[in-house]
Amino acid sequence: MPALKRILLKLSGEALMGDDAFGINRATIVRMVQEIREVTELGIEVAVVIGGGNIFRGVAGGSVGMDRATADYMGMLATVMNSLALADTMRQEGITARVMSAIGIEQVVEPYVRPKALQYLEEGKVVVFAAGTGNPFFTTDTAAALRGAEIGAEIVLKATKVDGVYTADPKKDPTATRYSRITFDEAITRNLQVLDATAFALCRDQKLPIRVFSILKPGSLKRVVMGEDEGTLVHV
Ligand SMILES: Nc1ncnc2c1ncn2[C@@H]1O[C@H](COP(=O)(O)OP(=O)(O)O)[C@@H](O)[C@H]1O
Ligand SMILES: O=c1ccn([C@@H]2O[C@H](COP(=O)(O)OP(=O)(O)O)[C@@H](O)[C@H]2O)c(=O)[nH]1
């Protein structure tokens, strides 16, 4: 049996593209949702933070020349779209999900209210936290760390395009090797870019471990929650 009771799963927006150039790849999102269902069936409470890089990234592309804060609000709205798509896919797959937004957008999504989120989790519903932290200059990794700490998750699981934390960016350095575990201090000192520094610092202060693993590898989420050696554990 898995030892975990409550997890915060961070899903990369960009990874949702699958092999598409942008947007949400149907097969990818359905597979992710099926993997989430496997985990909920184990009795684990699941909260999700989803990124928005597949639709809009505040620091790049279409935002060149834009005011950074405005671009970041667009990025947050992109995460709302992904959250709605994710929750609807969950509904189709028989999972009850609730989306809660960090920015006021009541006609579309209910606002984030911590006690309500806790109630949903206790009822076995999957809670999807939309709009990141609600603040520009942050990322959804930081939102995952923040919400993970707030809801008392035992671990943040970062599902991304790489299968763990490497000695250097594996996309740029083919000789890079993967850590099976690493401390926060070492990851910060070595300036490993797989998570942003704010998210790292928050998790370290709250003693909230993070496991980085591949979203692209089928079955990896279940292996992670079963405590198998998958990805990289970042710990205090
Ligand atoms: N030391 C490292 N180990 C692993 N990945 C790294 C490292 N440094 C940089 N990266 C890059 O970080 C990326 C994943 O982080 P990020 O862009 O935040 O993804 P996400 O879309 O999941 O938020 C990978 O695609 C990888 O190329
Ligand atoms: O608290 C937050 C979370 C996200 N964003 C914006 O939303 C974009 C999409 O989020 P992110 O890049 O973290 O998504 P992912 O890398 O997972 O696709 C970011 O680039 C930011 O512009 C933000 O401003 N504040």
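Calculation rules
Residues numbered from 1 in each chain as written. Chains lettered and ligands numbered in written order. Predicted model: local features only at pLDDT ≥ 70, side-chain atom pairs only at ≥ 80, totals over all residues. Axes fitted to C-alpha atoms, helices over the stretch in contact; angles between N-to-C directions. Helix = DSSP H or I, 4+ residues; strand = E, 2+ residues; numbered from the N terminus. Parallel < 35°, antiparallel > 145°, perpendicular 65-115°, else oblique. Left-handed = near helix turned anticlockwise from the far one by under 90°. Contact = placed C-beta atoms within 7 Å. Near = placed C-beta within 6 Å. Nonpolar A, V, L, I, M, F, W, Y, C, P; charged D, E, K, R; others polar. UniProt positions renumbered as here; feature names shortened; annotations may be inferred.

(A) Examining the packing of helix α4 (residues 140–150) against helix α6 (residues 197–205) more closely. Where α4 meets α6, the axes come as close as 7 Å, and the angle between the chain directions of the two elements is 15 degrees. As the angle between them shows, α4 and α6 are arranged roughly parallel. Read as a crossing pair, α4 and α6 show a hand that is left-handed. Note on element contacts: α6 touches α4 through Thr198, Ala199, Leu202 and Cys203, opposite Asp141, Thr142, Ala144, Ala145, Leu146 and Ala149.

(B) Spotlight on the site of ligand 2. Taken together, 25 residues surround ligand 2, and among them Gly51, Gly53, Gly58, Gly75 and Gly132 come closest. Tallying contributions element by element places helix α2 (residues 68–92) first for the shell around ligand 2, with six residues. Class assignment of the residues belonging to the shell around ligand 2 gives a composition of seven nonpolar, 14 polar and four charged.

(C) Structural context of the UniProt feature "binding site: ATP" (unreviewed entry) in the protein. Feature annotation in UniProt places "binding site: ATP" (unreviewed entry) on Lys10, Leu11, Ser12, Gly13, Gly53, Arg57, Thr160, Tyr166 and Asp169, given in this structure's numbering. Look at the named residues: they lie 160 residues apart in sequence, and the longest C-alpha span between them is 23.7 Å, so in the fold they stay spread out. With respect to the helices, strands and loops of the structure, Lys10 is situated in strand β1 (residues 6–11). When near neighbours in sequence (up to four residues on either side) are disregarded, Lys10 contacts Val49, Thr140, Asp141, Ala144, Val156, Leu157, Lys158 and Ala159. Summarising the element assignment, Gly13 is placed in the loop between β1 and α1 (26–40). Once residues within four sequence positions are removed from consideration, Gly13 is found in contact with Ile50, Gly51, Gly52, Gly53, Asn54, Ile55, Ala78, Thr79 and Asn82.

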